[in-house]
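In case you want the letters, here they are:
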Amino acid sequence: MSRLIRMDQTGHTTLAEWRADDPEAIEAAVRAFREELDRGFFAMVSTGEGQAEQVRELPVDADLVIMRLPISGG
């Protein structure tokens, strides 16, 4: 089962879970994904040990998609 989670100051929150054979769950996950992007979150997906990339579309074949806010500083 794939998961969409949000990382923030409260910890990790599961926003959606889906399986490739469940179109309704995928549709709900895509909606949740877009809502988080609209709120200013970035989406990250692991590409291997210690590696990740930012995505702008929900990769429904990913095991885990992490939403996070940009890092502040400067």
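Residues numbered from 1 in each chain as written. Predicted model: local features only at pLDDT ≥ 70, side-chain atom pairs only at ≥ 80, totals over all residues. Heavy atoms only, no water.

Draft legend 1. Main features of the sheet that holds strand S2 (residues 11-18). Read across the sheet, five strands follow the order S2-S1-S5-S3-S4 without closing on themselves; strand pairing throughout is mixed. The sheet is open, and its two edges are formed by S2 and strand S4 (51-55), each paired on a single side. Across this sheet, the average inter-strand angle for adjacent strands is 30°, counted without regard to direction. Here helix H1 (residues 23-38) sits on the sheet in contact with strand S1 (2-8), S2, strand S3 (42-48), S4 and strand S5 (64-68), set at roughly 145° to S2. (Pairing = 2+ DSSP bridges. Helix = DSSP H or I, 4+ residues; strand = E, 2+ residues; numbered from the N terminus. Axes fitted to C-alpha atoms, helices over the stretch in contact; angles between N-to-C directions. Contact = heavy atoms within 4.5 Å.)

Draft legend 2. Region of interest: the side chain of Ser2. Tracing the sequence through the fold places Ser2 in strand S1. Judged by its relative accessible area of 8%, Ser2 is buried. Looking at Ser2, its side chain comes within polar contact range of the main-chain oxygen of Ala62, at 2.7 Å. If near-sequence neighbours (up to four positions away) are discounted, Ser2 is found in contact with Ala16, Glu17, Trp18, Val60, Ala62 and Asp63. (Buried < 20%, exposed > 50% of the residue type's maximum accessible area, 1.4 Å probe, protein only. Polar contact = N/O pair within 3.5 Å; in protein donor to acceptor, adjacent residues only side chain to side chain.)

Draft legend 3. Molecular detail of the nonpolar core. Leu4, Trp18, Phe33, Ala43, Leu58, Val65 and Met67 are the most contacted members of the largest nonpolar core, which totals 16 residues. In terms of residues, this core owes the most to one element, H1, which gives five residues. Filtering out sequence-adjacent residues up to four positions away, Met67 remains in contact with Leu4, Ile5, Arg6, Met7, Leu15, Phe33, Glu36, Leu37, Phe41, Phe42 and Ala43. (Core = buried A, V, L, I, M, F, W, Y, C linked by side-chain atoms within 4.5 Å.)

Draft legend 4. Structural detail: the environment of Ala43. Examined against the element boundaries, Ala43 turns out to sit in strand S3. Judged by its relative accessible area of 0%, Ala43 is buried. Through-space distance from the C-alpha of Ala43 to that of Leu69 is 8.9 Å; in sequence the pair is 26 residues apart. Beyond its immediate chain neighbours, meaning those up to four positions away, Ala43 contacts Phe33, Leu37, Glu53, Gln54, Val55, Val65, Ile66 and Met67.

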